Amino acid sequence: MNGKIAIPKKFYFILFASVIAICLFSFTIGRELYADKTESIFSFGLIHFSGYLFFLLMPVELAFIYYLPFYSGFDLIAAALVTAIGAQCIDYIIGRLLRPNKIIELMGQKRIAKAEGKIEKFGMLTIFVFNLLPLSSPVIALAAGMLRYNFRRFLLTSTCGLLLKYLVIFWIFS
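Here is a short report on the structure shown in this document. Throughout this description, residue numbers start from 1 for each chain and increase along the sequence as written. Local features in this predicted model are restricted to residues of pLDDT 70 or higher, and side-chain atom pairs are both shown and tallied only at a pLDDT of 80 or more, whereas totals for entire chains, interfaces and linings draw on every residue. Heavy atoms throughout the structure, all of them, feed into the side-chain values; hydrogens and water do not.

## Side note on the overall build of the protein chain
Secondary structure counts use DSSP, requiring at least four H or I residues in a row for a helix and at least two E residues in a row for a strand, with both numbered from the N terminus. In terms of helices and strands, the protein chain carries nine helices and zero strands. Taken from the N to the C terminus, the helices and strands of the protein chain come in the order α-α-α-α-α-α-α-α-α. Relative accessibility under 20% of the residue-type maximum defines a buried residue, over 50% an exposed one, and the middle range a partly exposed one, all with a 1.4 Å probe and only protein chains included. Buried residues in the protein chain amount to 42% of all 174 residues. Residues are treated as being in contact if the distance between any of their heavy atoms lies within 4.5 Å. Expressed as a percentage of contacts within the protein chain between residues at least 6 apart in sequence, the contacts between residues at least 24 apart total 77%. For the protein chain, the computed accessible surface area is about 10200 Å², with 70% contributed by carbon and sulfur atoms. Here the open area of atoms and residues is found with the Shrake-Rupley method and a 1.4 Å probe, where only the protein chains shown may cover a residue.

See the structure below:
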């Protein structure tokens, strides 16, 4: 031992993801709050899109609730669906293109194995249910890509799950 502390690669990954999340919030909602402006649909879309990328797990449902007083339910749900599906498509493509070892190194063997196991066992039901729950669908999208799950089925099931989730949130909080 030479007295140096070994810092795991995951630490740098978490630090990087945290800095990006903080910057996104600062440059969108933070700037609008300081300028005393109304929150824009663009800032919501940027935060929501980023939250659905597998490496930036953020509670985007809270952003949806925060923006409800400023926009109609239709506009907000439409923006949420477009941005979430766009980000999940990217997650799926990354899962298909990257070597599994690199993804496992970033996300952790247990997390990826658990997601893959659920998709292999329950298929569309897993994708639908995980899109109803906060913070879980980006990892499922990544795992579906790694498993080369049918893209059209993935897209349709994800859209249905997300639509139901945001309709329920809108109904409860409006």
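## Observations regarding the packing of aromatic side chains
Only centres within 6.5 Å qualify two rings of Phe, Tyr or Trp (six-membered ring in Trp) as a pair; their planes then separate them into stacked at under 30 degrees, edge-to-face at over 60, and tilted for everything else. According to the stated counting rule, one finds nine aromatic pairs in the structure shown. Consider the rings of Tyr92 and Phe154, whose centres lie 5.1 Å apart with planes at 25°: the pair is stacked. A residue pair is termed long-range when its members are at least 10 positions apart, and Tyr92 in helix α4 (residues 73-97) and Phe154 in helix α9 (residues 151-173) qualify at 62 residues. Residue Phe154 is classed as buried on the basis of its relative accessible area of 2%. Put simply, the rings of Phe44, Phe64, Tyr66, Tyr67, Phe70 and Tyr166 touch in pairs and so form one group of aromatic residues.

## Here's the deal with the environment of His48
If you trace the backbone, His48 turns up in helix α2 (residues 41-51). The class for His48 is buried, based on a relative accessible area of 0%. Sequence separation between His48 and Leu81 is 33 residues; the distance between their C-alpha atoms is 9.3 Å. Residue contacts for His48: discarding those within four places in its chain leaves Val60, Ala80, Thr83, Ala84 and Tyr166.

## Looking at the packing of α4 against helix α8 (residues 137-146)
In this description, a line fitted to the C-alpha atoms serves as the axis of each element, helices being fitted only across the stretch in contact, and the angle between N-to-C directions of two axes falls anywhere from 0 to 180 degrees. Interhelical geometry of α4 versus α8 gives an angle of 40° and a closest axis separation of 6 Å. Relative to α8, the element α4 lies oblique. Two packed elements cross with a definite hand, and for α4 against α8 that hand is right-handed. Residues Gln88, Asp91, Tyr92, Ile94, Gly95 and Arg96 of α4 touch α8, and the partners they reach there are Ser137, Pro138, Ala141, Leu142, Ala144, Gly145 and Met146. Should an angle fall under 35 degrees it is called roughly parallel, over 145 degrees roughly antiparallel, and 65 to 115 degrees roughly perpendicular, with every other angle called oblique. Two helices that cross are described as forming a left-handed crossing if the nearer one is turned anticlockwise from the farther one by less than a right angle, and a right-handed crossing if clockwise.

## With respect to a nonpolar patch on the surface
Among the surface-exposed residues, Leu164, Val168, Trp171, Ile172 and Phe173 lie close enough to one another that they form a single nonpolar patch of about 540 Å² accessible area. Here Val168 is to be found in helix α9. Relative accessible area serves as the criterion here: at 38%, Val168 is assigned to the partly exposed category. Excluding any residue in a salt bridge, patches collect residues exceeding 30% relative accessible area, merging like charges within 9 Å and nonpolar Val, Leu, Ile, Met, Phe, Trp and Tyr side chains within 5 Å. A side-chain nitrogen of Lys or Arg and a carboxyl oxygen of Asp or Glu constitute a salt bridge if their distance falls within 4 Å.

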